[in-house]
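Coordinates in review
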Amino acid sequence: MVGAGVLSLPYALAQLGWGPGVVVLVLSWVITLYTLWQMVEMHEMVPGKRFDRYHELGQHAFGEKLGLYIVVPQQLIVEVGVCIVYMVTGGQSLKKFHDLVCKDCKNIKLTFFIMIFASVHFVLSHLPNFNSIAGVSLSAAVMSLSYSTIAWSASVDKGVQPDVQYGYKATTTAGTVFGFFSALGNVAFAYAGHNVVLEIQATIPSTPEKPSKGPMWIGVVVAYIIVALCYFPVALIGYWMYGNSVQDNILISLQKPVWLIAMANIFVVIHVIGSYQIYAMPVFDMIETVLVKKLNFKPTRLLRFFVRNIYVALTMFVGITFPFFGGLLGFFGGFAFAPTTYFLPCVLWLTIYKPRKFSLSWWTNWICIMFGVLLMVISPIGGLREIILQAKTYKFYS
C-alpha cells in the first residue's frame, strides 16, 4: 500500500494549501478504505465462487464482454503507469544516493541510473507468481516504512526553513489552478492497493466456515493504519518545514545528515523493486493469457522470456524519455487511479447489490462516484500541463 507516491505528498500539499490539502488527504484515506472494504466483500459474494481478478468481478456485474472492456483497460493503464513511475523513482533515488555518497565523482546521467534500476527487473520478472515474490514484497514493505519515517524525522531535524512561505508557488491564477488539479492526482496516486487486492486475496485459503474476507480485512485495516502513520506525518511535516519550496520528491529536498538521506534513498530503491514486480505480475499474466488462449502461442519459457523482457524494456524507455516524477504522478493518479480506486468499486457495488434508493449505502456510493469522476477529469489536465512545462526546459536523455 505505501508506495513511492508518499514522497510527493508534501509537494501536493504545497499546491493545495493547508486547508484543502488536509481535507483531500483525509477524504482520500476514508473513501479508499471504504472502496477497499467493498472489494474484499465482493471477492466471495457468490457462494462457492471466488473473483480472483478485478475483471472477473467486472464481468459478473456488467456481463462477459462489457465487463472486460470496462475493467481491463483501466487496470492495464494503472499497472503500466505505476511501473513507469517506479522506473523514474528508482533511477532518481539511485542518482541521489550516488551524488550524496560521492560528491567529487563525475556527474552521471539520470538515463543510466534508470537503466541500472531496470536491469534488476530483467531478472526478477522471470519469477513464476505472487507467492515467489513474498520475500521481495516483505522487504519492500519494511523499506517503505523506513524511508517514510526518515523523510519526516529528517525534516523535523532540519527545522522550519528561515525563508519558508506557505502561499501558492505559482504566480498566475492559471498556474495555481492547474497545480491544484495536478496535486489531486498526486494524492490519488498514493492510494494504489485496489488494483491487486483481489489477486492478493486469492492467495488466502477460504472455506464456508472461515472465508478469506476475515483475514483479508484484518490485513487491510493494519495496512491502512500504517498508511496513515506514513502519509500524514510526511505530508504535514514536509510542507511545514519547507513550505512551497519543497521538491516533488521530499527526499530530493533533504541533504543532511548525508548518511541517513543516502540510506533512505536506497530504501526507496529496494521498495520500488518489490512494488514494480507486484504491479507487473498481473500484466504478464494478462499478456501471456491472451497470447496463449487467443493467438494460440505455445506456453513455453521462450514466450515468457520475450514477453517479460520486452515489457520491462518498454517501461524503461518511457521512464527515460519522460522522467518527470511529479507530473507523471498527477497524470496517472487522476487518469488511471481515480476510476479503479475511487469509484469503480462503488459502481460495481450499486450494480450487484442494488441498495435501496436514497439509503445510506446509496448516498455513500454516489458521493464517492462523483468525487472520483471529478478527480479523473481534472487531475490529468494538471499533470499533463506540468509534464509539458518541464519538457520545455528538459534535454531528452540527459
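Below is a short write-up of the structure. (Residues numbered from 1 in each chain as written. Predicted model: local features only at pLDDT ≥ 70, side-chain atom pairs only at ≥ 80, totals over all residues. Heavy atoms only, no water.)

Each helix and strand in the protein chain was counted, giving 14 helices and zero strands. For the protein chain, the succession of helices and strands along the chain, N to C, is α-α-α-α-α-α-α-α-α-α-α-α-α-α. Here the protein chain has a C-alpha radius of gyration of 21 Å; the compact-globule value for 398 residues is 21 Å, and the two agree. Dimensions of the protein chain, computed from C-alpha atoms along their principal axes, come out at roughly 60 × 55 × 40 Å. Split into buried and exposed, the 398 residues of the protein chain put 53% on the buried side. When contacts within the protein chain are restricted to residue pairs at least 6 apart in sequence, long-range pairs at least 24 apart make up 83% of them. Of the roughly 17,600 Å² of accessible surface on the protein chain, 72% is carried by carbon and sulfur atoms. (Helix = DSSP H or I, 4+ residues; strand = E, 2+ residues; numbered from the N terminus. Rg over C-alpha atoms; globule rule 2.2 N^0.38 Å. Buried < 20%, exposed > 50% of the residue type's maximum accessible area, 1.4 Å probe, protein only. Contact = heavy atoms within 4.5 Å. Areas by Shrake-Rupley, 256 points an atom, 1.4 Å probe, with all protein chains shown as cover.)

Attention now goes to unusual backbone geometry. At K354, a position not held by glycine, the phi torsion is positive, near 45°. Mapping K354 onto the fold places it in the loop between α13 (325-353) and α14 (360-392). Here the phi dihedral of F358 falls at roughly 65°; this positive angle occurs in a residue that is not glycine. Inspection of the secondary structure assignment puts F358 in the loop between α13 and α14.

Bringing helix α7 (residues 173-190) into the picture now. Here α7 is 18 residues long and its end C-alpha atoms lie 26 Å apart, about the 26 Å a rise of 1.5 Å per residue gives. Taken residue by residue, α7 has G175, G179, F181, S182, A183, L184, G185, N186, V187, A188, F189 and A190 as its buried positions. (Expected span 1.5 Å × (residues − 1).)

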